[in-house]
Amino acid sequence: MCKVLNVHRSGFYAWLKEPQSNAEKDNVRLLEQIKASYVQSGGVYGSPRITHELRRSGETCGENRVAKLMKQAKLRANIGYKRRYFKPSTPHIAADNHLQQQFVVCETDTAWVGDITYIKTYEGWLYLAVVLDCCG
């Protein structure tokens with residue numbers, strides 16, 4: 001079998017004795033620390049920041065090694081979104097200001113205000129709309 005695989009017999013028996021090399025064991029140990037730092041950052045940190053964190057804790061490792069281990073473990077930094085700016089083809093028409101900045105109203109159901117926003121989550125975009133009665 002050693003002739004077919006082009007491996008020395010001593011190497012084969014050393015592998016039988018200990019199938020995982022010291023470098024592989026070190027990578028497994030380092031990957032546990034990388035995952036802990038990744039989870040602690042909320043999935044935001046990439047390889048440069050995780051390398052910095054590991055070095056601050058006394059670990060000796062390079063950024064390329066951390067990046068390679070993160071790629072193998074399918075760990076990617078969650079990057080924020082880029083806001084797209086669209087140039088409108090027609091100007092928007094603003095609604096009339098019926099309240100004239102007088103937000104204190106004595107009667108219910110006479111003045112309402114609202115707003116809408118969107119929030120990025122792991123599942124995708126969520127839209128949040130709020131409508132409030134100005135009667136206090």
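Residues numbered from 1 in each chain as written. Predicted model: local features only at pLDDT ≥ 70, side-chain atom pairs only at ≥ 80, totals over all residues. Heavy atoms only, no water.

Quick notes on the overall build of the chain
Here comes step 1: Check the secondary structure of the chain and you find five helices and two strands.
Here comes step 2: Along the chain direction, N to C, the helices and strands of the chain fall in the order α-α-α-α-α-β-β.
Here comes step 3: For the chain, whose C-alpha radius of gyration is 29 Å, the value lies well above the compact-globule estimate of 14 Å for 136 residues.
Here comes step 4: If one aligns the C-alpha atoms of the chain with their principal axes, the spans along those axes are about 90 × 35 × 25 Å.
Here comes step 5: Across the 136 residues that make up the chain, the buried fraction comes to 17%.
Here comes step 6: When the accessible surface of the chain is split by element, carbon and sulfur atoms take 56% of a total near 12100 Å².
Here comes step 7: Across the chain, the centroid of the 19 positively charged side chains sits 19 Å from that of the 13 negatively charged ones. (Helix = DSSP H or I, 4+ residues; strand = E, 2+ residues; numbered from the N terminus. Rg over C-alpha atoms; globule rule 2.2 N^0.38 Å. Buried < 20%, exposed > 50% of the residue type's maximum accessible area, 1.4 Å probe, protein only. Areas by Shrake-Rupley, 256 points an atom, 1.4 Å probe, with all protein chains shown as cover. Lys, Arg positive; Asp, Glu negative; His and termini not counted. Charge placed at Lys NZ, Arg CZ, Asp CG, Glu CD.)

Side note on the pairing of strand β2 (residues 125-133)
Here comes step 1: Looking at chain direction, strand β1 (residues 112-120) and β2 are connected through nine bridges and run antiparallel. The residue of β2 that forms the bridge with T117 is L128.
Here comes step 2: Between β1 and β2, which pair antiparallel in sequence order, lie four residues; one of them, G124, sits at a positive phi of approximately 140 degrees. (Pairing = 2+ DSSP bridges.)

Some thoughts on the confidence of the model for the chain
Here comes step 1: Scored by pLDDT, the chain has a mean of 87; 94% of the residues are at 70 or more.
Here comes step 2: By mean pLDDT, the top-scoring element of the chain is helix α5 (residues 63-72) (95), and the lowest-scoring one is helix α1 (residues 2-5) (86). (pLDDT = per-residue confidence, 0-100.)

Side note on the nonpolar core
Here comes step 1: Of all hydrophobic cores here, the largest spans eleven residues; its members are L30, L31, I34, Y38, I50, L54, C61, V66, L69, M70 and L75.
Here comes step 2: At the level of elements, α3 (22-40), α4 (47-56) and α5 are the ones that each hand at least two residues to this core.
Here comes step 3: The dominant element in this core, judged by the number of residues it contributes, is α3, at four residues.
Here comes step 4: Residues contacting C61, with those up to four places away along its chain left out, are L30, T51, L54, R55 and V66. (Core = buried A, V, L, I, M, F, W, Y, C linked by side-chain atoms within 4.5 Å. Contact = heavy atoms within 4.5 Å.)

Some points on a nonpolar patch on the surface
Here comes step 1: Together, F103, V113, I119, L126, L128, V130 and L132 line one region of the surface with nonpolar side chains, adding up to about 590 Å² of accessible area.
Here comes step 2: Elements with a contribution of two residues or more to the nonpolar patch: β1 and β2.
Here comes step 3: Considering each element in turn, the nonpolar patch owes the most residues, four residues, to β2. (Patch = residues over 30% accessible without salt bridge, like charges linked within 9 Å, V, L, I, M, F, W, Y side chains within 5 Å. Salt bridge = Lys/Arg side-chain N within 4 Å of Asp/Glu carboxyl O.)

What about the packing of α4 against α5?
Here comes step 1: Where α4 contacts α5, the axes come no closer than 9 Å and their chain directions differ by 115 degrees. Where α4 crosses over α5, the handedness of that crossing is right-handed. Residues S47, P48, I50, T51, L54 and R55 of α4 form the contact with α5, whose participating residues are E63, V66, A67 and M70. (Axes fitted to C-alpha atoms, helices over the stretch in contact; angles between N-to-C directions. Left-handed = near helix turned anticlockwise from the far one by under 90°.)

Quick look at α3
Here comes step 1: Taking 1.5 Å as the rise per residue, α3 with 19 residues should run 27 Å; its terminal C-alpha atoms sit 27 Å apart, in good agreement.
Here comes step 2: Within the span of α3, buried status applies to N27, L30, L31, I34, S37 and Y38. Seen along its axis, α3 keeps its buried residues to an arc of 125 degrees; they face one direction. Away from the buried face of α3 by more than 90 degrees, exposed residues N22, E32, V39 and Q40 are located. (Expected span 1.5 Å × (residues − 1). Arc of directions from axis to C-beta.)

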